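Descriptive analysis of the structure
Here are the chains, one letter per residue:
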Amino acid sequence: MSFLVDSSIMITSQILFFGFGWLFFMRQLFKDYESRYFHWKMNLCVILLILVFMVPFYIGYFIVSNIRLLHKQRLLFSCLLWLTFMYFFWKLGDPFPILSPKHGILSIEQLISRVGVIGVTLMALLSGFGAVNCPYTYMSYFLRNVTDTDILALERRLLQTMDMIISKKKRMAMTRRTMFQKGEVHNKPSGFWGMIKSVTTSAPGSENLTLIQQEVDALEELSRQLFLETADLYATKERIEYSKTFKGKYFNFLGYFFSIYCVWKIFMATINIVFDRVGKTDPVTRGIEITVNYLGIQFDVKFWSQHISFILVGIIIVTSIRGLLITLTKFFYAISSSKSSNVIVLLLAQIMGMYFVSSVLLIRMSMPLEYRTIVTEVLGELQFNFYHRWFDVIFLVSALSSILFLYLAHKQAPEKHMAP
Amino acid sequence: MASLDRVKVLVLGDSGVGKSSLVHLLCQNQVLGNPSWTVGCSVDVRVHDYKEGTPEEKTYYIELWDVGGSVGSASSVKSTRAVFYNSVNGIILVHDLTNKKSSQNLYRWSLEALNRDLVPTGVLVTNGDYDREQFADNQIPLLVIGTKLDQIHETKRHEVLTRTAFLAEDFNAEEINLDCTNPRYLAAGSSNAVKLSRFFDKVIEKRYFLRDGNQIPGFPDRKRFGGGSLKSLHYD
C-alpha cells in the first residue's frame, strides 16, 4: 500500500515539476535570445566554479579528516591539498596545444580547456571499454560451458580447504590455552628489541604457533581463490540460463549489431588519425543527403536534419550519462566503505561534472553547421579539432587494450576447472 | 586434542560492521591490528568450557565462521555463500550501532542463512511489516551484537540502546553492545562475558543434549536446519 502511495506522490510531483518548468522556461524566461544566452553562460560559469574550486576542496577536507593525526589542523591541510591540486591542474594544460595566445590568464577558456581535456580522456576511455565489453557481454558465443558437476566439485574442494584450516586453528587454540594455563604468555615480538630477543630465546610453543600460522595463511589464500572461482562459475551458469530465454536471445541479436558498430567505430577512429581527417558535416545531414541523392526521395533537408539531429543528440546524451552512472555505481559499490563513502560521492560528482562539460564540447560535431557557431560562442574559442583528435586516440588505445585484457581473461579461465 | 566435540556458529552482518575484529577478539583475546576485507569466509576457533565451574564441565571447540559480503550481492555470490550455511548450530548477528541500515539488514541476513529468502529484489521490508512468526519455530540460537559503541555520543546512547533492544526482541535473542577495539568489554566476569558464555552453552546444549540432560549420539551432517531429527523435540 505504501508503495502505491509513494509512487503516486512521485508521479504527481514529477508532472507538476516538468509542467511548471516548461511553462516557466518557454513563456517567461526564454522569450528572447539574449536571456537564453546569458543563462547558458551563467550555468557554465557556476558549474566550472563548483568543479574547480568547491568539490576538490571538499574532497581534500574529507580525506584529511580521515587521517587521525592531522585532526587539529584540518582546514590548513585541506587548503594545502587544494593548492597542490590547482597546481597540477594548471600544469595539465601545458603539453596540449589547446589555447591560442589571445586569451588572458583568468579567462573562462583556460578553465574549460583543462576540464575538457580531463573529461574527454574519461569519455574516450569509457567508450573504448564499453564498445568492446558490450558485445562480449551480450553475445553468448563467448560463454563457456559450465555443468553442475563442475560447481559441486569446486564446492567440495572449498569445504575441504575450510576443514583443513579449522583443524590447524584448533591445534593453535589448544596450544595457546595450555601455554596460558602453564603461565607462559605468548607475546608477539613488538618493537626492535623484542625482535632481537625473540631470535635468541623463544618458547617452543610459540615457535610451533608461527609455523602453523604460516600454513594457515597459505590455506586461507587458497580458500579465497576457490571462493571467487565458485562465484564466477555460478555467474556463468546464470548467464547461460539467461541466454536461453527470449530476452537473452534478443540481447544476443543486439550484440551482433553492437559488435559491427564497434568495429566500425574503431575503424573510423583509425582512419581519422591516419589520414588526419576532420569531419565537416554531421552524420545526420550526410545520411539525409545520401538518401536524397541515391534514393531520389524528396526531403526538406534543413527541416528534417534539425529535428532528427536534435532527437539523436538527446538520445546520445541520455544513454551515455546513464551508461556512465551504471558503470561507476558498480565500480564504487565494490570498493566503498563507511570511511570513504563521502569521498566517493564527491569524486562521482566531480567526474559527472567533467563528463557533462566535455560532452557539450564533443556534441558539437553531431550538430548541423549553423548550430555549431552557437556552441562556439558560448564556450569560447577553443581548438575543437584537437579535442576530436584526442578523443579518437584515447578511444583507440582504450578499445585495443580492453580487447587484449578480455582476451587474456577469457583464455586463462576455462583451462582450470573444465571437466574433460 | 582434535578429539573434542565441535559446534559451528555463523557470524553474519554487513560489510564493515566489525565481524572480523569481533571474531579475532573472541578467539585470540587480542584486538585485531589491521582489519581488511574478508573475501569468502574466514574461520577461527574458540575453546569453550561448557557449564564452567560445575562437575559436568566439558571443553568444546566453537568454530566461528565469519562470512563476508553484503545482502545486496549478486545471486551468484549468494549461491556460493550458501555452501557455508550447512549444518549450522548457532548464529551471531553483528550490526553497527552507528549505522541504522546495518541493523535493518540483519533480518535479511538471518533469512538468508535460514534458507527462507523472501524478497529477491532490493526492496527492504520495514519493521512495521515484519512478521515475528517466521522466527517462532526457529531452533537455532541467535545472538545480536552491536559494535562501535565508543562512537555513539553519550546523549544518543539511550535512544540507540532502546532501538537495539527491540531488535534483539524481534529475534528472540540476547544482545551485547561493545567496541571491538577494547577487550575490557568482554573481560571475565562482566555481564557481556556472562551473556556470551550462556549463548555458547545454549548452542552446545541444542546440539548435543536432549532436554532431559541425555547426550545425543553423534549426528551425520544435515543439509537444512531443523531437519527431521529435531522435530520430535517440542519446546512449549
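Everything numeric here is computed off the predicted structure, so don't read it as measured data.

Calculation notes
Residues numbered from 1 in each chain as written. Chains lettered and ligands numbered in written order. Predicted model: local features only at pLDDT ≥ 70, side-chain atom pairs only at ≥ 80, totals over all residues. Heavy atoms only, no water. Phe/Tyr/Trp six-rings, centres within 6.5 Å; stacked < 30°, edge-to-face > 60°. Helix = DSSP H or I, 4+ residues; strand = E, 2+ residues; numbered from the N terminus. Buried < 20%, exposed > 50% of the residue type's maximum accessible area, 1.4 Å probe, protein only. Pairing = 2+ DSSP bridges. Axes fitted to C-alpha atoms, helices over the stretch in contact; angles between N-to-C directions. pLDDT = per-residue confidence, 0-100. Contact = heavy atoms within 4.5 Å.

Here we come to the packing of aromatic side chains. On inspection of all chains with the given rule, the structure shows 11 aromatic pairs over all chains. Seen in terms of ring centroids, Phe 391 of chain A and Phe 395 of chain A are 6.1 Å apart; in terms of plane orientation they differ by 10°. Their pairing is stacked. Pair noted here: Phe 391 of chain A and Phe 395 of chain A are both in helix H13 (residues 384-412), with a separation of four residues, about one helical turn. In this structure Phe 395 of chain A comes out as buried when scored by relative accessible area, which is 2%. With a centroid separation of 6.0 Å and an interplanar angle of 55°, the aromatic rings of Trp 65 of chain B and Phe 84 of chain B are classed as tilted. Here the residue Trp 65 of chain B occupies a position in strand S3 (residues 58-67), and Phe 84 of chain B occupies one in the loop between helix H2 (75-81) and strand S4 (90-96), the gap between them amounting to 19 residues. A single burial state applies to Trp 65 of chain B and to Phe 84 of chain B, both of which are buried.

It is worth spelling out the pairing of strand S2 (residues 41-50) of chain B at this point. Consecutive residues of a regular strand have side chains that alternate between opposite faces of the sheet. Residue and element names in this part refer to chain B. Along S2, eight of the 10 residues are buried, which leaves the element largely enclosed by surrounding structure. Alignment of S2 against S3, held across 10 bridges, turns out to be antiparallel. Each bridged residue has a counterpart across the sheet, and for Asp 49 the counterpart in S3 is Thr 59.

The next subject is the sheet that holds S2 of chain B. Residue and element names in this part refer to chain B. Read from one edge of the open sheet, six strands run S2-S3-S1-S4-S5-S6, paired in mixed fashion. Every interior strand has two partners, whereas the edge strands, S2 and strand S6 (174-177), have only one. Strand-to-strand twist across the sheet, computed as the mean angle between neighbouring axes with direction ignored, equals 25°. Judged from the six bridges that link them, S4 and strand S5 (residues 142-147) form a sheet pairing that is parallel. Within S5, the position partnered with Leu 93 by the bridge is Val 144.

What follows deals with the confidence of the model for chain B. All names here are of chain B. Residue-level pLDDT values for chain B average 75, and 78% of them are 70 or greater. H2 is the least confidently modelled element of chain B, averaging 83 in pLDDT, while S4 averages 89, the highest of any element. Predicted confidence for residues 116-129 stays below pLDDT 50, and this span has 17 contacts to residues more than four positions away or in other chains. In this model residues 218-236 is a low-confidence stretch, pLDDT under 50, and it forms 22 contacts with partners more than four residues away in sequence or in other chains.

All names here are of chain B. Residues other than glycine seldom take positive phi values, yet Ser 87 does so here, at roughly 45°. Within the fold, Ser 87 resides in the loop between H2 and S4. Here Lys 148, not a glycine, exhibits a phi torsion of approximately 65°, which is positive. Mapped onto the elements, Lys 148 comes out in the loop between S5 and helix H4 (154-170). Judged by its relative accessible area of 18%, Lys 148 falls in the buried class.

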